Amino acid sequence: MERRSFLKKAGAGLAATTLAAPAIVHAQSPQIKWRLASSFPKSLDTIYGAAETVAKRVAAATGGRFQIQVFAGGELVPPFQVLDAVKDGTVELGHSASYYYVGKDPAFAFDTAVPFGLNSRQQTAWMYEGGGLELMREFFKEYNIVNIPCGNTGAQMGGWYRKEIKSVEDLKGLKMRIGGFAGQVLTRLGLVPQQIPGGDIYPSLEKGTIDAAEWVGPYDDEKLGFNKVAKYYYYPGWWEGGPQLSIYVNQKQWDGLPKDYQNILEAACAEAHVEMQARYDVRNPAALKRLVASGTQLRPFSREVMAACYKEAFALYEETAAKNPKFKKIYEPWKKFRDDQYLWFRVAENAFDNFVYSGGGQKK
Ligand code: CA
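A few points on the structure. (Residues numbered from 1 in each chain as written. Predicted model: local features only at pLDDT ≥ 70, side-chain atom pairs only at ≥ 80, totals over all residues. Heavy atoms only, no water.)

**Regarding the overall build of the protein chain**
Which entries qualify depends on this criterion: Counting from the N terminus, the helices are DSSP H or I runs at least four residues long and the strands are E runs at least two residues long. All radius of gyration figures rest on C-alpha atoms, and the globule criterion is 2.2 Å times the number of residues raised to 0.38. Every residue pair with non-hydrogen atoms within 4.5 Å of one another is taken to be in contact.
In terms of helices and strands, the protein chain carries 14 helices and eleven strands. The C-alpha radius of gyration computed for the protein chain amounts to 22 Å, which stays within 12% of the reference 21 Å derived for 364 residues, consistent with globular compactness. When the backbone C-alpha atoms are referred to their principal axes, the protein chain occupies close to 70 × 50 × 45 Å. Relative to all contacts within the protein chain whose residues are 6 or more apart in sequence, the contacts with residues 24 or more apart total 77%.

Spelled out as structure tokens, the structure:
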């Protein structure tokens, strides 16, 4: 430590945190280098950036002993194969949206979002304090994965459409990029869902191989340029009231990881989790203004469309629960949790939101 103190005094100002950090981690803590496969492109600084935040924090808190190298979707493995890559141990870590894997099991959706489910705060409450993490970890066990919440976008937008959606009838035959469980709900109303990674949506929409695409919200959607190829921007993304991203850790690697590193990794994920939501909440308003100024037409989904989707969503959950015990095991306590959250949020939160967002009674 004497040499380190000397270096610190010698003016290595910027490196001070790194040099001071070994005081926290035991001197003989091993040097570990892990690879993280993200499902997302680098251009999405909010989502992709969460994995970078984790890597940066973990390195800083271990004096550089625990290094995580982050790879964008497609660099090591294709975006939708991140789960398999972590499961098989091809990589130690992944960062993904679990609902990409509903084709393997619909229960994956609860780790991200299910249509008409929880908002961002409620999802975090469920995972951190409401029993959600325990349920999801039990589920992920058979995939050799330890899952850690790592980011939430907040309520998303309903996507970009080349023509207006005025009724349920307009959903029929619509080829839309939409991931996860929402695609199954919309299939029941005649829509044809397409699973396309974020980086490939623009060309598909431009070429017209799809009629519509949903991604995240104003900030990310503007970056990917969807406003240039589709005019109508609908809201809300009722299938994603508060979708969560997750870090996947290969079970065997996790088990071999020193306890302090496990704790540091979880703490770094918790920080990235809060940071992502904050980043979206700060960046979305400005992006929305720019989009509207550039000619984007904002449209709310009609009550009729929303109600039809709601009905199909819960019919699908009940049917899925009846034939899939793993889904049922999560769905039942989740639904009870959701009911209680709705009960509470419709009192103080809702009254507050409604009043202030409508102008607080002031003439504008
Ligand atoms: Ca989305």
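So that's the structure; there's more coming.
**Looking at the coordination of the calcium ion**
Operational definition: In this analysis a donor is any N, O or S atom within 2.8 Å of a metal ion (3.2 Å for sodium, potassium and calcium), and since water is not included, sites may seem incomplete. Irregular is the label for any site that misses the other tests, which are tetrahedral for four donors with all angles between 85 and 135 degrees, and square planar for four donors or octahedral for six when opposite donors exceed 155 degrees and the remaining angles lie between 65 and 115.
Here the calcium ion is held by Q156 (OE1), E214 (OE), E214 (OE), W215 (O), E240 (OE) and E240 (OE), and the distances to it run 2.2 to 3.1 Å. Geometry at the calcium ion is irregular, judged from the six donor atoms that bind it and their angles of 45 to 161 degrees at the metal. Along the chain, the residues donating to the calcium ion fall in the pattern Q-x57-E-W-x24-E. Linking Q156 in the loop between strand 4 (145-152) and strand 5 (159-161) with E240 in the loop between strand 9 (232-235) and strand 10 (244-250), this pair joins segments that are 84 residues apart in sequence.

**Observations regarding a nonpolar patch on the surface**
Note the cut-off: Without a salt bridge and with relative accessible area above 30%, a residue can belong to a patch; like charges are then joined within 9 Å and nonpolar side chains (Val, Leu, Ile, Met, Phe, Trp, Tyr) within 5 Å. Where accessible areas are quoted, they stem from the Shrake-Rupley method and a 1.4 Å probe; at the residue level, only the protein chains shown are allowed to cover. When a carboxyl oxygen of Asp or Glu lies within 4 Å of a side-chain nitrogen of Lys or Arg, that pair is called a salt bridge.
A cluster of nonpolar residues, F352, F355, V356 and Y357, forms a patch on the protein surface that exposes about 470 Å² of accessible area. Along the chain, the position of F352 falls in helix 14 (residues 348-357).

**Describing unusual backbone geometry**
Where we set the bar: Think of it in three bands: residues with accessible area under 20% of the maximum for their type are buried, residues over 50% are exposed, and the middle band is partly exposed, with areas taken using a 1.4 Å probe on protein chains only.
With an omega dihedral of -5 degrees, the bond running from Y235 to P236 counts as a cis peptide bond. Counting through the fold element by element, P236 comes out in the loop between strand 9 and strand 10. Here the phi dihedral of F116 falls at roughly 55 degrees; this positive angle occurs in a residue that is not glycine. By the secondary structure assignment, F116 is in the loop between strand 3 (93-96) and helix 5 (120-128). In this model, N144 sits at a positive phi of 55 degrees, which is unusual for a non-glycine residue. Within the element layout of this structure, N144 appears in the loop between helix 6 (132-140) and strand 4. Accessibility expressed as a relative area gives 36% for N144, which makes it partly exposed.

**Observations regarding the packing of aromatic side chains**
Heads up, the condition is: Here is the rule: rings of Phe, Tyr and Trp (six-membered ring for Trp) pair when centre to centre is within 6.5 Å. Planes less than 30 degrees apart are stacked, more than 60 are edge-to-face, and the remainder are tilted.
Following the criterion strictly, the structure yields 32 aromatic pairs and no others. Plain terms: the ring middles of Y99 and Y100 are 5.6 Å apart, the flat faces sit at 45 degrees to each other, and that makes the pair tilted. Between F108 and F139, the aromatic rings sit 4.8 Å apart at their centres with planes inclined by 80 degrees, giving edge-to-face as the arrangement. In this pair, F108 sits in the loop between strand 3 and helix 5 while F139 sits in helix 6, placing the two residues 31 residues apart along the sequence.

**A short note on the sheet that holds strand 6 (residues 175-177)**
Where we set the bar: In short, DSSP must find at least two bridges between two strands for them to pair.
In spatial order, the strands read 7-6-8-5-9-11; together these six strands make up an open sheet with mixed pairing. Of all strands in the sheet, those bounded by a partner on one side alone are strand 7 (192-194) and strand 11 (297-300). Bridging between strand 5 and strand 8 (residues 212-213) involves two bridges; their strand directions are antiparallel. Note on strand 8: the bridge partner recorded for W160 is A213.

**Considering the sheet that holds strand 3**
Selection criterion: Axis geometry follows a simple rule: fit a line to the C-alpha atoms, using only the stretch in contact for helices, then measure angles between N-to-C directions, giving values from 0 to 180 degrees.
One open sheet holds the five strands; their spatial order is 2-1-3-10-4, and the pairing between them is mixed. Two strands bound the open sheet, and with one partner strand each, they are strand 2 (66-71) and strand 4. Between one strand axis and the next, the sheet turns through 25 degrees on average, direction left out of account. Set on the sheet, helix 3 (residues 47-61) makes contact with strand 1 (32-38), strand 2, strand 3, strand 4 and strand 10; between it and strand 2 the angle comes to about 165 degrees. Packed onto the sheet, helix 5 meets strand 4 and strand 10 and runs at close to 155 degrees relative to strand 4.

**Brief notes about the side chain of T153**
Within the secondary structure layout, T153 lies in the loop between strand 4 and strand 5. In this structure T153 comes out as buried when scored by relative accessible area, which is 4%. Beyond its immediate chain neighbours, meaning those up to four positions away, T153 contacts I47, V216, P243, L245, M276, Q277 and Y280.

**Concerning the nonpolar core**
For clarity, the threshold we go by: Joining through side-chain atoms within 4.5 Å is the link that ties buried Ala, Val, Leu, Ile, Met, Phe, Trp, Tyr and Cys residues into a set, and such a set is a nonpolar core.
Counting 109 residues, the largest nonpolar core has I68, W126, Y161 and L265 as its most contacted members. No other element matches the nine residues that helix 11 (residues 259-293) contributes to this core. Those residues in contact with W126 that sit more than four places away from it in its chain are F110, L118, G131, G132, L133, L135, M136, I330, W334 and F337.

**Digging into the packing of helix 3 against helix 11**
Test applied: If you view the pair so one helix is near and one far, a crossing is left-handed when the near helix is turned anticlockwise from the far one by less than a right angle, and right-handed when it is turned clockwise. In this classification, Asp, Glu, Lys and Arg are treated as charged, Ala, Val, Leu, Ile, Met, Phe, Trp, Tyr, Cys and Pro as nonpolar, and every other residue, Gly included, as polar.
At a closest axis distance of 8 Å, the pairing of helix 3 and helix 11 adopts a crossing angle of 140 degrees. Crossing handedness for the pair helix 3 and helix 11: right-handed. Note on element contacts: helix 11 touches helix 3 through I264, L265, A268, C269, E271, A272, E275, M276, R279 and Y280, opposite I47, G49, A50, T53, V54, R57, V58 and A61. Here the contact of helix 3 with helix 11 is composed, by residue class, of twelve nonpolar, two polar and four charged.

Function cannot be inferred from these measures alone, as they are strictly geometric.
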